[in-house]
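Architecture and fold: a report
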Amino acid sequence: MHIKTSQNCSPNFSTTGRNKKKIKYIVYHYTGMSSENKAIKRLTDVNSNVSCHFFIKKNGQIILMVPELFEAWHAGKSNWQKDISLNKNSIGIEISNTGHEFGYKEFLKPQISSLIKLSKYLIKKYNIKKKNILGHSDIAFERKKDPGEKFPWSYLASKKIGIWHKIEEKKLKKLRKKEISNIETFIFIKHLNKIGYFTKGLSNNKKLRLVKSFQRRFRQRLINGKIDRECLIIAEKLSKLS
Ligand SMILES: [Zn+2]
């Protein structure tokens, strides 16, 4: 399989290189800037200290910015499972979208189609597990919302990219906003830990951000930061997959 890309090299990467076997995760981002050109400029500007491996334009074009065997700087302070700072063992994909700060819009069809092709190519090449396909907000929920609740996680899962719960909407709807007990709150957090989220030392504010991050990924219809019975059942199902 071959992926068609153009090149716009970013100077922001670690020059030591890495072994193919180190690549364990794919991390999706939105650019979160007012224009696509600004985002490309920033990711290739030596003073920004940020970059990604692949950039997906609104028209679906894929730009290679950092070769896969070098560490790009996209994840920042991050955690997943037992891993800390995921730059070293991940591939970062930026998708052009203004994000929450500039009127969050739907991702475009050509983007998603390119994203699927690129992801499948990388999954095969590096043998990446379903549970290791992540959003930036999964691994850095204290700081990040991207790729956000409009990112088509369930559609990607139908193409075998990433995990999904597959519980029927009819069933979920009945459980939405239904309160849970204190003990169930603990159980919910335990499920999240099992899925991979970093759950140590949660203040109330951190917990709120964690729950919102979970919802942006797995319960996109309502992002309110409250753990209800729908969240609980989804988390339970997912924890068994991982
Ligand atoms: Zn990001």
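Above this text sits the structure in question.
Residues numbered from 1 in each chain as written. Predicted model: local features only at pLDDT ≥ 70, side-chain atom pairs only at ≥ 80, totals over all residues. Heavy atoms only, no water.

1. Here's the deal with the pattern of salt bridges
For the coordinates displayed, the defined rule picks out 13 salt bridges. Across the salt bridge formed by Glu-106 and Lys-150, the nearest N and O atoms sit 3.8 Å from each other. Of this pair, Glu-106 sits in the loop between strand S9 (90-95) and helix H2 (109-126) while Lys-150 sits in the loop between helix H3 (136-139) and helix H4 (153-158); the two residues are 44 residues apart in sequence, bridging distant segments of the chain. For Glu-106, a relative accessible area of 53% gives the class exposed. Here Glu-184 ties to Arg-229 by a salt bridge, and the two come within 2.9 Å at their closest N and O atoms. You can see Glu-184 sitting in helix H6 (residues 182-195) and its partner Arg-229 sitting in helix H8 (residues 229-241), a full 45 residues away along the chain. The network of salt bridges with shared partners includes Glu-169, Arg-176, Arg-219, Arg-221, Asp-228 and Glu-230. (Salt bridge = Lys/Arg side-chain N within 4 Å of Asp/Glu carboxyl O. Helix = DSSP H or I, 4+ residues; strand = E, 2+ residues; numbered from the N terminus. Buried < 20%, exposed > 50% of the residue type's maximum accessible area, 1.4 Å probe, protein only.)

2. Side note on the nonpolar core
Core analysis: the biggest nonpolar cluster contains 59 residues, and Tyr-28, Ile-93, Leu-115, Leu-118, Leu-122, Phe-188 and Phe-214 have the highest contact counts within it. With eight residues, the top contributor of residues to this core is H2. Judged by nonpolar contacts, the second largest core, of seven residues, contains Leu-43, Phe-55, Ile-63 and Met-65. (Core = buried A, V, L, I, M, F, W, Y, C linked by side-chain atoms within 4.5 Å.)

3. A closer look at the packing of aromatic side chains
What characterises a pair of aromatic rings is the spacing of the ring centres plus the angle enclosed by the ring planes. The final tally for this structure, using the stated rule, is 12 aromatic pairs. With a centroid separation of 5.7 Å and an interplanar angle of 50°, the aromatic rings of Tyr-28 and Trp-153 are classed as tilted. With a gap of 125 residues between them, Tyr-28 in strand S3 (residues 25-30) and Trp-153 in helix H4 connect regions that are remote in the sequence. Each member of the pair, Tyr-28 together with Trp-153, is buried. A connected cluster of aromatic rings, assembled from ring pairs, spans Tyr-28, Tyr-30, Tyr-104, Phe-107, Phe-151 and Trp-153. Sitting above the plane of the Trp-153 ring, Arg-217 keeps its charged end 3.8 Å from the centroid. (Phe/Tyr/Trp six-rings, centres within 6.5 Å; stacked < 30°, edge-to-face > 60°. Lys NZ or Arg CZ within 6 Å of the ring centre and 35° of its normal.)

4. Remarks on the state of the cysteines
Linking two cysteines covalently through their sulfur atoms gives a disulfide. For the structure on display, the rule yields zero disulfides. As a non-bridged cysteine, Cys-52 has Cys-9 as the owner of its nearest cysteine sulfur, 12 Å distant. Its relative accessible area of 0% is what places Cys-52 among the buried residues. (Disulfide = S-S within 2.5 Å.)

5. Here's the deal with the packing of helix H7 (residues 204-218) against H8
H8 packs onto H7 with a crossing angle of 75° between their chain directions and a minimal axis gap of 11 Å. The angle between H7 and H8 places the two elements in the roughly perpendicular class. Listed contacts from H8 to Phe-214, Gln-215 and Phe-218 of H7 are Cys-231, Ile-234, Ala-235 and Leu-238. Classifying every residue of the contact of H7 with H8 by side-chain character gives six nonpolar, one polar and no charged. (Axes fitted to C-alpha atoms, helices over the stretch in contact; angles between N-to-C directions. Parallel < 35°, antiparallel > 145°, perpendicular 65-115°, else oblique. Contact = heavy atoms within 4.5 Å. Nonpolar A, V, L, I, M, F, W, Y, C, P; charged D, E, K, R; others polar.)

Note that all results are geometric; they support no functional claim without further evidence.
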